[in-house]
Amino acid sequence: MAGCRSSSAANAQLASRHHTAVSKSLSKRRHDDDAGMAPARGAPEVTLQEGAAPGSAMARKAAGKAPEEILLDWKREQALLKARVVDQDTEAWQLDPAFSGLQRVGGVDVSFVKDDSGSACASLVVLSYPELEVLYEDCRMVTLTAPYVSGFLAFREVSFLVDAMQRLQEREPCLMPQVLFVDGNGVLHHRGFGVACHLGVLTDLPCIGVAKKLLQVDGLENNALHKEKIQLLKAGGDSFPLMGGSGTVLGRALRSHDHSTKPLYVSVGHKISLEAAVRLTHSCCKFRIPEPVRQVNGLPGARRHKGRKRAPKESQKSLQADAFPSEPPGKL
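Residues numbered from 1 in each chain as written. Predicted model: local features only at pLDDT ≥ 70, side-chain atom pairs only at ≥ 80, totals over all residues. Heavy atoms only, no water.

Peer 1: Before we move on, can you summarise the overall build of the chain with the specific residues and values?
Peer 2: A tally of helices and strands in the chain yields eleven helices and eight strands. For the chain, the proportion of its 332 residues judged to be buried stands at 54%. Across the chain, every contact between residues at least 6 apart in sequence was considered, and the portion connecting residues at least 24 apart equals 69%. Surface exposure of the chain reaches about 14,300 Å², of which carbon and sulfur atoms provide 51%. (Helix = DSSP H or I, 4+ residues; strand = E, 2+ residues; numbered from the N terminus. Buried < 20%, exposed > 50% of the residue type's maximum accessible area, 1.4 Å probe, protein only. Contact = heavy atoms within 4.5 Å. Areas by Shrake-Rupley, 256 points an atom, 1.4 Å probe, with all protein chains shown as cover.)

Peer 1: Now, about the pairing of strand β7 (residues 249-254): what can you tell me, with residues and values included?
Peer 2: Note: strand β6 (residues 239-243) against β7, five bridges, orientation antiparallel. What sits directly across from Ser239, in β7, is Leu254. Linking β6 back to β7 in an antiparallel pair, the connection comprises five residues, with Gly247 at a positive phi of about 90°. Pairing analysis gives three bridges linking β7 to strand β8 (residues 264-270), with the strands arranged antiparallel. Bridging across to β8, Arg252 finds its partner in Val266. (Pairing = 2+ DSSP bridges.)

Peer 1: Talk me through the sheet that holds strand β1 (residues 104-112); I want residue IDs and the actual numbers.
Peer 2: The strands making up a sheet associate through backbone hydrogen bonding, with each pair oriented either parallel or antiparallel. Taking strand neighbours across the sheet as the criterion, the eight strands line up as β3-β2-β1-β4-β5-β8-β7-β6 in an open arrangement whose pairing is mixed. Either end of the sheet is taken by a strand with one partner, and the two such strands are β3 (134-143) and β6. Averaged over all adjacent pairs, the angle separating strand axes in this sheet is 25°, with direction ignored. Lying over the sheet, helix α5 (residues 154-171) contacts β1, β2 (119-128), β3 and β4 (180-183), oriented at roughly 135° with respect to β3. (Axes fitted to C-alpha atoms, helices over the stretch in contact; angles between N-to-C directions.)

Peer 1: Which residues make up the pattern of salt bridges, and what are the values?
Peer 2: For side chains of opposite charge, pairing can occur when their charged atoms come near one another. Tallying each qualifying case throughout the model produces seven salt bridges. The partner of Asp138 in a salt bridge is Arg167, with the nearest N and O atoms 2.9 Å apart. Taken as a pair, Asp138 in strand β3 and Arg167 in helix α5 lie far apart in primary sequence, 29 residues in all. Arg167 shares its class with Asp138; the two are buried. (Salt bridge = Lys/Arg side-chain N within 4 Å of Asp/Glu carboxyl O.)

Peer 1: Tell me about the packing of aromatic side chains, and please be specific about residues and values.
Peer 2: Summed over all chains, the structure comprises five aromatic pairs. Arranged with centres 6.1 Å apart and planes meeting at 35°, the rings of Trp74 and Phe152 form a pair that is tilted. Remark: Phe152 occurs in the loop between β3 and α5 and Trp74 occurs in helix α3 (residues 67-82); sequence separation between them is 78 residues. For the pair Trp74 and Phe152, a shared accessibility class is recorded, and that class is buried. For the pair Phe99 and Tyr129, a centre-to-centre distance of 6.4 Å together with 80° between the ring planes defines the contact as edge-to-face. Here Tyr129 lies in the loop between β2 and β3 and Phe99 lies in the loop between α4 (92-95) and β1, a separation of 30 residues in the sequence. Classification of Phe99 as buried rests on a relative accessible area of 3%. Under the relative-accessibility criterion, Tyr129 is labelled buried at 9%. (Phe/Tyr/Trp six-rings, centres within 6.5 Å; stacked < 30°, edge-to-face > 60°.)

Peer 1: Go over the nonpolar core with me, naming the residues and quoting the values.
Peer 2: Val108, Leu124, Leu168, Leu180 and Leu199 are the most contacted members of the largest nonpolar core, which has 35 residues in total. Taken together, the elements giving at least two residues each to this core come down to β1, β2, β3, α5, β4 and α6 (195-203). Of all hydrophobic cores here, the second largest spans 28 residues; its members include Leu102, Leu280, Cys285 and Ile289. (Core = buried A, V, L, I, M, F, W, Y, C linked by side-chain atoms within 4.5 Å.)

Peer 1: Which residues make up α6, and what are the values?
Peer 2: Given 3.6 residues to a turn, an α-helix orients residues that are three or four positions apart in the same direction. When you tally the buried positions in α6, you get nine out of nine residues, the bulk of the element. Within the sequence span of α6, burial applies to Val195, Ala196, Cys197, His198, Leu199, Gly200, Val201, Leu202 and Thr203. Turning to α6, the residues buried within the fold contact α3, β1, α5, β4, β5 (207-211) and β8. With its phi angle positive at about 60°, Asp204 sits one or two positions after the end of α6.

Peer 1: Can you lay out the state of the cysteines for me, pointing to particular residues and giving the numbers?
Peer 2: As enumerated under the stated definition, the model contains zero disulfides in all. We note that Cys285 lacks a disulfide partner, and the nearest cysteine sulfur, in Cys284, lies 7.1 Å from it. (Disulfide = S-S within 2.5 Å.)

Peer 1: I'd love a proper account of the environment of Pro206, names of residues and values included.
Peer 2: Relative to the helices and strands, Pro206 resides in the loop between α6 and β5. The buried category is assigned to Pro206, whose relative accessible area is 3%. For the pair formed by Pro206 and Ala196, sequence separation is ten residues and the distance between their alpha carbons is 9.2 Å. Beyond its immediate stretch of four places on either side in the chain, Pro206 contacts Glu91, Gln94, Gln178, Val179, Leu180, His270 and Lys271.

Peer 1: Account for the pairing of β1, with residues named and values stated.
Peer 2: Side-chain positions along a regular strand alternate between the two faces of the sheet. The buried count for β1 comes to nine of nine residues, which makes it a mostly enclosed element. Of the two faces of β1, the one lined by Arg104, Gly106, Val108, Val110 and Phe112 and the one lined by Val105, Gly107, Asp109 and Ser111 are each fully buried. Examined bridge by bridge, β1 and β2 share nine bridges and lie antiparallel to one another. Residue pairing for β2: Gly107 is matched across the bridge by Val125. Connecting β1 to the next strand, β2, in antiparallel fashion are six residues, including Asp115 with a positive phi near 65°. In this sheet, β4 lies alongside β1 in parallel orientation, the contact comprising three bridges. Counterpart to Val108 in the pairing with β4 is Val182.

Structure representation (structure tokens):
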């Protein structure tokens, strides 16, 4: 594992555990941020946005509440966080064709244990850019307490990813990634706010959602027309927009490698434009899957515990059909 590099932003102080004080930040923002100046080159500072309760805090609030009350709480919290999503480029490196200034990229995932909906492996990797060599990795088994509800997966898992980011800041602050790849969706989501958005807003880091399968929302379908468009992607880097029935472009289908015919579905999570997200995803692909996601999926714990990213069918049916009848089926 590579040693820590010097950084002008490495003096940030972490606040207390994120689930004990919702309004406290994981680290202090530099005055440059408030002044509208470009941040100093080096390790970014992770900030838990004020008023944003992470998943574990919401799980504790849900204790003893009726399912309808839990869902109402989550809808309110999700709406507050969704209003903070930034879908434009915010960093100088995002505007450079070669992403000059980008030095570290991260990948995160929560892998659910097969046939055990209460256990999962939360994983984080950090790679150098453009070399894409592993600098840091963290894989930890966690116990899930929040129920699975379609459209609200982040409330079940995102707090463990924030924990992983906090451990990194404590151990190796100058290895903090400047952008996170999330094995999941961003604005390409039932409610326009997937786990990549949720994590991005909580940490105030640029986040990109990368999904291996199309989430069929807002009229998007994996139908014959969609498959015809995929056939027109002739080379790595080719892509086409995913326009929903509402007329909103929710992401892009990307042919990530010359030798892969299966596209990836890239969407904005936070603080990056869709165009930059697609370019960066392609530039991180040695194979079909971008290296941050491929490496985080390949961690020993993640491989051992990789399973479905949803509750067992029986529990899913109980939560959605009985307790939460208004929520549509599907991942996230």
